[in-house]
Amino acid sequence: MQQIFNFIFKNSNRLLFLLLLCISFLLTIQSHSYHRSKVISSANFLSGGVYQQINDVSEYLNLRTENEALALENARLKSILFNKKDTSYLKKMDSIVGIPADDILVSKVIHNSYNVHENYLTLNSGSNDGVKQDMGVINNLGIVGIVDNTSPKFATVVSILNVKSQINAKIKKSNHFGSLVWNGKSTGFVQLIDVPRLASVRKGDTIVTGGQSVIFPENVNVGTIHKIYIDNKTNYYTLDIKLFNDMTNLGHVYIIKSKNREELNNLEKRNTDE
């Protein structure tokens, strides 16, 4: 202990200089958006590289599981192929809910957090691949999240298991809308809030994206109604939604590009400015 005190006393000037340097660096980042974005991008690049290496090792160790999953998927696709009477449907298999194949980027989750209140994913695709902020991320089962930041080779995604996430969604059979949020409790459930009382809701009804934004196309699967509550303060429904996705076990995902996003954002901004 005495040696530690001696070291601090002997190098007090240098330690003070380093402390002040760190404080000034943090203040610069917090007060300038440009510097903050550069630091976030660099952090994404470094953490993405580490997650990529970890994922490569994990992927090798789980080859058997991956092969079994691929075998099941091949069996399902063959069943569709041999049992579908209208074979013209197969020509549309390269698109997702009406999105052209050119507007879909295939990526892979190399890091996934789901045990805190603000969960994020890291993808092995970045700005070099055309990934941009606010692009929607889904997989074959439903929505996953929204792109938050990018570096040249990687991207971070705000998971739907994030208390700050808010996505437009609706009851599929009735088209009544609400906001999809997460209460931070279970990884298998999210909540659809602000659903009007006049809406017809039943346990088991399917919830899909509402299409009132340019992030997600309409009718992407979310989950099914598990429980129904009435908010006494607002007199609206709050619905517990059981997710189709297992958010603790994600592999390949689809990043959805929107050619109309910038045009719509500029138009809305123009209306706000006026």
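- An unreviewed UniProt entry lists the protein chain under the name Cell shape-determining protein MreC, with Flavobacterium kayseriense given as the organism.
- Its UniProt record gives the protein chain the following Sequence similarities (unreviewed entry) comment, quoted word for word: "Belongs to the MreC family."

### Quick notes on the environment of K132
No. 1: Its location among the elements puts K132 in the loop between β2 (118–123) and β3 (136–138).
No. 2: Residue K132 is classed as partly exposed on the basis of its relative accessible area of 49%.

### Some thoughts on the pairing of strand β6 (residues 167–171)
No. 1: For β6, the tally of buried residues reaches five of five residues, placing the bulk of the element in the interior.
No. 2: The side-chain alternation of β6 yields two buried faces, one formed by I167, A169 and I171 and the other by N168 and K170.
No. 3: With four bridges connecting them, β6 and strand β7 (residues 177–181) associate as antiparallel partners. Bridge pairing in β7 links K170 to F177.
No. 4: Here β6 runs beside strand β9 (residues 206–209); their pairing, made up of three bridges, is antiparallel. Of the residues in β9, the one forming a bridge with A169 is T209.

### Description of the nonpolar core
No. 1: Judged by nonpolar contacts, the single largest core of 41 residues is most densely connected at I143, L180, L239 and I241.
No. 2: With sequence-adjacent residues up to four places away left out, I241 is seen in contact with L180, G188, F189, V190, Q191, L192, I207, V222, G223, T224 and I225.

### Looking at the pattern of salt bridges
No. 1: Taken as a whole and assessed by the stated rule, the structure comprises three salt bridges.
No. 2: The salt bridge partner of K170 is E218, with a shortest N-O separation of 2.5 Å. Separated by 48 residues along the polypeptide, K170 in strand β6 and E218 in the loop between β9 and β10 (221–231) bring together distant segments of the chain.

### Looking at the sheet that holds strand β11 (residues 236–243)
No. 1: The strand order around the closed barrel formed by six strands is β6-β7-β8-β11-β10-β9, and the pairing between neighbours is antiparallel. Across the sheet, the axes of successive neighbouring strands diverge by a mean angle of 40°, strand direction being ignored.
No. 2: Bridge count between strand β8 (residues 189–195) and β11: five bridges; the pairing is antiparallel. Of the residues in β11, the one forming a bridge with V190 is I241.

### Let's talk about a nonpolar patch on the surface
No. 1: Taken together, the side chains of I4, I8, L15, F17, L18 and L21 make up a nonpolar region of the molecular surface, amounting to roughly 560 Å² of accessible area.
No. 2: Contributions of two or more residues to the nonpolar patch are made by α1 (2–10) and α2 (12–31).
No. 3: Ranked by residue count, the leading element in the nonpolar patch is α2, at four residues.
No. 4: Relative to the helices and strands, F17 is located in helix α2.
No. 5: For F17, a relative accessible area of 53% puts it in the exposed group.

### Observations concerning the side chain of S179
No. 1: With respect to the helices and strands, the residue S179 is situated in strand β7.
No. 2: Owing to a relative accessible area of 17%, S179 belongs among the buried residues under this scheme.
No. 3: Ignoring any residue separated from it by four or fewer positions in sequence, one finds S179 in contact with Q166, I167, Q191, L192 and I193.

### Digging into the sheet that holds strand β5 (residues 155–162)
No. 1: One closed barrel holds the six strands; their spatial order is β1-β2-β5-β4-β3-β12, and the pairing between them is antiparallel. Shown here is a sheet whose adjacent strand axes are inclined to one another by a mean of 45°, direction ignored.
No. 2: Across five bridges, strand β1 (residues 104–112) lies against strand β12 (residues 252–256) in antiparallel orientation. Within β12, the position partnered with S107 by the bridge is V253.

### Regarding the pairing of β11
No. 1: The buried count for β11 comes to six of eight residues, which makes it a mostly enclosed element.
No. 2: As defined by bridge partners, β10 adjoins β11 across eight bridges and the pair is classed as antiparallel. By the bridge assignment for β11, T224 is matched with K242.
No. 3: Hairpin connection from β10 to β11: four residues lie between these consecutive antiparallel strands, with N235 at a positive phi of about 65°.

### So, the environment of Y229
No. 1: By secondary structure assignment, the location of Y229 is in strand β10.
No. 2: Distance from Y229 to L239, taken between C-alpha atoms, is 6.1 Å for residues ten residues apart in sequence.

The rules behind these values
- Residues numbered from 1 in each chain as written.
- Predicted model: local features only at pLDDT ≥ 70, side-chain atom pairs only at ≥ 80, totals over all residues.
- Heavy atoms only, no water.
- UniProt positions renumbered as here; feature names shortened; annotations may be inferred.
- Helix = DSSP H or I, 4+ residues; strand = E, 2+ residues; numbered from the N terminus.
- Buried < 20%, exposed > 50% of the residue type's maximum accessible area, 1.4 Å probe, protein only.
- Pairing = 2+ DSSP bridges.
- Core = buried A, V, L, I, M, F, W, Y, C linked by side-chain atoms within 4.5 Å.
- Contact = heavy atoms within 4.5 Å.
- Salt bridge = Lys/Arg side-chain N within 4 Å of Asp/Glu carboxyl O.
- Axes fitted to C-alpha atoms, helices over the stretch in contact; angles between N-to-C directions.
- Patch = residues over 30% accessible without salt bridge, like charges linked within 9 Å, V, L, I, M, F, W, Y side chains within 5 Å.
- Areas by Shrake-Rupley, 256 points an atom, 1.4 Å probe, with all protein chains shown as cover.

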